[in-house]
Amino acid sequence: MSLKDLTRLPRRRALVALGSSLLLPSALKAAERRFAPIREEDLLVGFGHTSPITDGGWSYAHNQGVEAVKRAYPAVKTLFVESVPYSADATRIFRQFVAEGAQMVISTSNYGDFIKDVADRAPNVAFMECDGHTVSNNLGWYYITHWYASYVIGIAAARLSKSGKLGYVASFPVPSVYASANAVLLGARSVNPNATMRVISINSWFDPQAATEAGAALVDSGCDFLCGIMDDPGYLRVAEKRGVWAAMWNTDMREFGPNAYVSSVTLDFADFYIQQVGARIRGEWAPEGRFLTLGKGVDRDRWGQNVPEAVQKEADAVRDRMLAGWSPFQGPIYDSDGKLRVAPGHVMTDAEMYGWSWQVQGVSGLG
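Residues numbered from 1 in each chain as written. Predicted model: local features only at pLDDT ≥ 70, side-chain atom pairs only at ≥ 80, totals over all residues. Heavy atoms only, no water.

In the annotation of an unreviewed UniProt entry, the entry for the chain reads Basic membrane lipoprotein, and the organism field reads Gluconobacter frateurii NRIC 0228.

Here's what the structure looks like:
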């Protein structure tokens, strides 16, 4: 089967079960460097994307990183497949990358055992998995600490919302979504302790129609601030039409709702991808777990045109404290059932938030 044929495979909505234990960055030792240097013109890198690179969101952001690699290393050859399904078809796609001669394979979403099985059978190929959880001799993972930017946006949400009711359009009940929704509400509650968040999951990362319908349902239920983790601007269009606020994810999407737009959790993989490809060329690449941090791969977007300056300054003052090393994710933190989950004085680590699997007090509908 050719790469052209593989791009026609239907995308599934099933989740990937994590088959391997999480290796935390603080506990990691990078595996011994075992990849020989390679000439730039001989390197082929394969990218597997979870959605179309024209989605304006997650895969678009990753593809911008790919384009940055091409500019930095113009002799490097790249290939990609969009909308890689979460199924055994993903394994066939990653195997095809190897068969095509790729010395480096990067999946821009979590494909768990589907990519690990291929990596295990191709020990001379370097593999990286975004939102992954396994480090082996030739497989590493990377992810963004988006919860800090989300907290900053939550502060603005509390100041802008008149009702204190926030709505969240979710994909699936997975850790990245829990961390996102929880962080927004914790930021909001730092300003308005009575703020709440209602979540609607649409069982997809990219479904503009479903995201639009979910956004409308949330506004109908009384929410006057919408946020979420979608790859498309569906619910931003709802916010613009209904006269409420909205914060987005992945990229600057203000053109789809300039009056409603507050900000976005924006992603930038350019420097990281350039670094990783350069390391592979020099023979310095080694598998590891890596977080891209606030201001260095993930951040809040420029504020929307209608966000008052006082709100911007208040939220950005907290962002400045985070950049200086302070974390707002400190106990006591309770879950939606009232159970103490984070003890008083304990500061949650990035590894803990990376594996968040419960909704904080005030969030409903996610778990």
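Enquirer: For this particular structure, what's the right way to read the sheet that holds strand 3 (residues 104-107)?
Expert: Sheets are built from strands that pair by backbone hydrogen bonding, the pairs being arranged parallel or antiparallel. With parallel pairing, the 6 strands of this open sheet are ordered in space as 2-1-3-4-5-11. The open sheet has two free edges, formed respectively by strand 2 (77-81) and strand 11 (289-292), since each of these has just one partner strand. The sheet shows a mean angle of 20° between the axes of neighbouring strands, taken without regard to direction. As defined by bridge partners, strand 1 (residues 44-48) adjoins strand 3 across 4 bridges and the pair is classed as parallel. Looking across to strand 3, one finds that Val 45 is bridged to Met 104. Contacts from helix 2 (residues 58-72) reach strand 1, strand 2, strand 4 (126-130) and strand 5 (139-144), with the element oriented near 115° to strand 5. (Pairing = 2+ DSSP bridges. Helix = DSSP H or I, 4+ residues; strand = E, 2+ residues; numbered from the N terminus. Axes fitted to C-alpha atoms, helices over the stretch in contact; angles between N-to-C directions. Contact = heavy atoms within 4.5 Å.)

Enquirer: Sorry, what's going on with the side chain of Ser 59 here?
Expert: For Ser 59, the position within the fold is in helix 2. Residue Ser 59 is classed as buried on the basis of its relative accessible area of 0%. Only 2.7 Å separates the side chain of Ser 59 from the side chain of Ser 51, close enough to count as a polar contact. Beyond its immediate sequence surroundings of up to four residues, Ser 59 is in contact with His 49, Thr 50, Ser 51, Pro 52 and Ile 53. (Buried < 20%, exposed > 50% of the residue type's maximum accessible area, 1.4 Å probe, protein only. Polar contact = N/O pair within 3.5 Å; in protein donor to acceptor, adjacent residues only side chain to side chain.)

Enquirer: Would you mind showing me how to read the domain arrangement of the chain here?
Expert: Accessible area lost during the coming together of the parts is what is often quoted as the interface size. As far as domains go, the chain holds domain 1 (3-144 + 269-292) and domain 2 (146-267 + 298-364). On a C-alpha basis, the centres of domain 1 and domain 2 stand 28 Å from each other. Across the interface of domain 1 and domain 2, roughly 1,900 Å² is buried in total on both sides, 66% from carbon and sulfur atoms. Between domain 1 and domain 2 we count 0 salt bridges in total. Our count for the domain 1 to domain 2 interface comes out at 8 residue pairs in polar contact (both at pLDDT 80 or more). Elements with a minimum of two residues in the side of domain 1 that touches domain 2: helix 2, strand 5 and strand 11. Each residue belonging to the side of domain 1 that touches domain 2 can be placed in one class, and the counts come to 14 nonpolar, 5 polar and 4 charged. (Domains from an automatic or database assignment. Buried area = accessible area lost by both parts, 1.4 Å probe. Salt bridge = Lys/Arg side-chain N within 4 Å of Asp/Glu carboxyl O. Nonpolar A, V, L, I, M, F, W, Y, C, P; charged D, E, K, R; others polar.)

Enquirer: Explain the packing of aromatic side chains here, please?
Expert: For any pair of aromatic rings, geometry is given as the distance between the ring centres together with the angle between the planes. Under the defined criterion, the tally for this structure stands at 23 aromatic pairs. Seen from their ring centres, Tyr 142 and Phe 269 are 6.3 Å apart, and the 80° between their planes marks the pair as edge-to-face. A residue pair is termed long-range when its members are at least 10 positions apart, and Tyr 142 in strand 5 and Phe 269 in the loop between strand 10 (261-267) and helix 9 (270-282) qualify at 127 residues. Between Trp 147 and Phe 291, the aromatic rings sit 6.3 Å apart at their centres with planes inclined by 80°, giving edge-to-face as the arrangement. Note that Trp 147 is positioned in helix 5 (residues 147-160) and Phe 291 in strand 11, a separation of 144 residues in sequence. For Phe 291, a relative accessible area of 15% corresponds to the buried category. An aromatic cluster of at least three residues, connected via ring pairs, comprises Phe 47, Trp 58, Tyr 142, Trp 249, Phe 269, Phe 272 and Tyr 273. (Phe/Tyr/Trp six-rings, centres within 6.5 Å; stacked < 30°, edge-to-face > 60°.)

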